[in-house]
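The residues making up each chain are set out below.
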Amino acid sequence: MNVLLLILSGAVSGMAYAVYDIPYIIFLSLIPFFCVIFKKAPEVGGGKMYLYGFAFFYPYYIAVFHWFIYQYPLDFLGFSKTMSIIYILLAVFGVALLMTILFAFIPVVLRFYVKFFSRGADALSPLFISCVWCLAEWLNSKTFMAVPWARLAVTQQSNIFYIQSASVFGSFFISFIIVFFASSIAYAILHREDNKKSAVICTLCASCLVFANAVWGVALYYTDIFGEPTDEMVTVSAIQGNVSSTEKADGSFLYEVDKYLEMIYDEDKRTDPDIIVTPESAVPLNLNHFSSVAERFALASEQTGAVILLGAFHETKSHSYNSIFMFTPDGKVSETVYNKRHLVPFGEFLPFRPVLQTLLPFLDDINYMDNDLTAGEDAAVFDTGHGLVGSVICFDSIFELLSAESVQNGAEMLAVSTNDSWFSDSSAIFEHNGHAILRAVENRRYVVRAANTGLSSVLTPRGEILAKLDPLLTGTISSKIPMRDDLTFFTKHPNLFPILLVSCAVIVFALPSVKYCIKNKKEDI
C-alpha cells in the first residue's frame, strides 16, 4: 500500500509540470510522499528508505520527461522506427533513472537524521527535509551532465505573485516553500493525535510561510524595489522560423538562410526593430567557413538598421561551438561571440565517449554535429548600441547562475535563443519557457526568447508574458521595452540561499544534540 501511494504521488507530482496553469497541485501531491517517509523513517533501514525514495522519484521523473516521446520518429537522424522507439524509451527511462539515483537518497538522509540526531525532536523534520530537497536540486546543477529541468519552482511559472521572491533568494526559495508546506502538513497529519502541539505548530508555520510569500510577492510586484528602468525604449523582435528538425538535418542550409533573411526584411517593414533575436542554430552551419552567408546578414543589418543576433556554429583550429553572432548596422560582425556554456549531454557531446561509443554505438548518431561541441567559458555580453544584451542558448537558460553572470557583467536585457523543435508542441516547450520566466524575475530583466518552432516570447522583469508566438507557427513577435541596469539581491548574491540551506540543515542536525547535552549537564549538577 505504501509503495502504491508513493508511485501515485510521484506520478501526479511529475505531471504538475505539464499542468503549470494549476500551480497548487504540487503543494498537495507531495503530501502522501512525506506521510510515508516520515512514518517509516524511525522503523526501517536505510536500504528500505532508498527503495521508498525510488518508488516516488522514478515515476515522478518518468512523468516529467514523458515529452521525449514527441521526438518520434527520429527519421531526421536516420533512425528506423524500431531504433527510434528504443532510443526514446532509453531517453525517458534512462534520464529518469539518472535523476532518481540522486534524489532517492532524500528519504535516506531523513532516516539518518531521525534515527541518530533528532533525539525525539522530529518536529524539525519538515524544515530539515526542505533543506535537503533544495540542496539536491542545487547539486543537480553542478556537474557537466546536469539536467536540472524539474525544479519545483517551474510548476509556479503562472503564479506570478508567488515567484516574485525569486528576485531576492532565487528559484530555490520557491522550491523550499513548496516542500516545507507539503512536509509540514504531512507531519501534522501523522501526529494529529499523539503530538497535537507540534502538529498545530507545523500547520501554522507552513500556512504562514505560504501566505507571507504571497503577500511579499504582491508587494515586490507593485513596488519593484530594485530600481527604475532607463528612459529609452528599444524595439525588440524575436523571429520564429518554424524549421523542423527534419529540415535542419537534410543539409539545405541555404533554404534557412533565405528564410531568415526574408523574415528579417519583412519584420523591418512591419515594426522597424532595433534588435532582432533569432533562434539557436537558425543558420546551422559554421559561419566562419561561409563568409558569403555572413556577408548577407551583415548587409541585412546595414539595410534595416537593426542589430541582428544570429544563431550559428563556428570553429577554431581545435574546437567547435554553438554560438550567437552579432551583426551591426555598420555592416560588420562583432568580434564578441557568445558560445553556449552548458551543452546538452548526448545531444551536443557524448559523455564517456570511449565507453558508450563501444557499448551503445547508435548514441553517436544523436550528436547534431560530426564531433563533440565545446562549452563556452564566459558570458560575452553584446554592446548593441541600444544597451548591453546577454545571450544564453537553449539549455543555458535552465541554469540560474549563467543568466546571473551575464547580468553581473552588465547585461541590461537577456536574449534566449533556443531550438525546441525536437519536442513539437508538448509540455516541454512551456516548461522551458517557464525557466526563462524565472530568469526574468530573478534578475529583473526583460527576456526576449526566440525559439525555432516556438514558443517564442517577450517576458517582463516580473515574469509576465508581454508577447508570444505559439508552437509550430511561423512568424515574429515584437515589443517596445526599456533596458534595466539595476541589480537584484539575487543577482548580487546568487549562491546565498544554498549557503543558508546548508547552514540551516547543520543547525537542525546539531540542535537536538546540543539541547540533550545541556539537559544532561543540568541534571548532573
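For the structure, check the block above.
Residues numbered from 1 in each chain as written. Predicted model: local features only at pLDDT ≥ 70, side-chain atom pairs only at ≥ 80, totals over all residues. Heavy atoms only, no water.

Draft legend 1. Up close: the pattern of salt bridges. Within this structure, the stated rule accounts for ten salt bridges. Two residues, Arg449 and Asp420, come together in a salt bridge whose shortest N-O distance is 3.0 Å. Here Asp420 lies in the loop between strand E9 (413–418) and helix H16 (427–443) and Arg449 lies in strand E10 (residues 447–451), a separation of 29 residues in the sequence. As far as burial versus exposure is concerned, Arg449 and Asp420 are alike and both buried. (Salt bridge = Lys/Arg side-chain N within 4 Å of Asp/Glu carboxyl O. Helix = DSSP H or I, 4+ residues; strand = E, 2+ residues; numbered from the N terminus. Buried < 20%, exposed > 50% of the residue type's maximum accessible area, 1.4 Å probe, protein only.)

Draft legend 2. Quick look at the packing of helix H6 (residues 105–116) against helix H7 (residues 125–139). Taken N-terminus to C-terminus, the directions of H6 and H7 make an angle of 145°; their axes are 10 Å apart at the nearest point. Considering only the axes of H6 and H7, their crossing is right-handed. The segment H6 lies against H7, with Ile106, Val109, Leu110, Tyr113 and Val114 engaging Ser125, Phe128, Ile129, Val132, Trp133 and Ala136. Classifying every residue of the contact of H6 with H7 by side-chain character gives ten nonpolar, one polar and no charged. (Axes fitted to C-alpha atoms, helices over the stretch in contact; angles between N-to-C directions. Left-handed = near helix turned anticlockwise from the far one by under 90°. Contact = heavy atoms within 4.5 Å. Nonpolar A, V, L, I, M, F, W, Y, C, P; charged D, E, K, R; others polar.)

Draft legend 3. Seen up close, the packing of aromatic side chains. Scanning all chains against the criterion turns up 44 aromatic pairs. A centroid spacing of 5.3 Å and a plane angle of 40° characterise the contact between Tyr24 and Phe27, whose relative ring orientation is tilted. The class for Phe27 is buried, based on a relative accessible area of 3%. Geometrically, the ring pair formed by Phe161 and Tyr222 is tilted, given 6.0 Å between the ring centres and 40° between the ring planes. Of this pair, Phe161 sits in the loop between H7 and helix H8 (166–169) while Tyr222 sits in helix H10 (residues 196–223), and the two are 61 residues apart along the sequence. Phe161 sits in the partly exposed class, given a relative accessible area of 33%. Assessed through its relative accessible area of 58%, Tyr222 is described here as exposed. Above the ring of Tyr221, the side-chain terminus of Arg462 is found at 4.4 Å from the ring centroid. (Phe/Tyr/Trp six-rings, centres within 6.5 Å; stacked < 30°, edge-to-face > 60°. Lys NZ or Arg CZ within 6 Å of the ring centre and 35° of its normal.)

Draft legend 4. Structural view of the sheet that holds strand E8 (residues 388–393). In spatial order, the strands read E7-E8-E9-E10-E11-E12; together these six strands make up an open sheet with mixed pairing. The outermost strands of the open sheet, each flanked by one partner alone, are strand E7 (382–383) and strand E12 (465–469). The pairing of E9 with E10 spans five bridges and is classified as parallel. Within the sheet, the bridge partner assigned to Thr418 lies in E10 and is Ala451. On the sheet, H16 packs against E9, E10, strand E11 (456–459) and E12 and is oriented at approximately 160° with respect to E10. (Pairing = 2+ DSSP bridges.)

Read these as layout, nothing more, since geometry by itself doesn't imply function.
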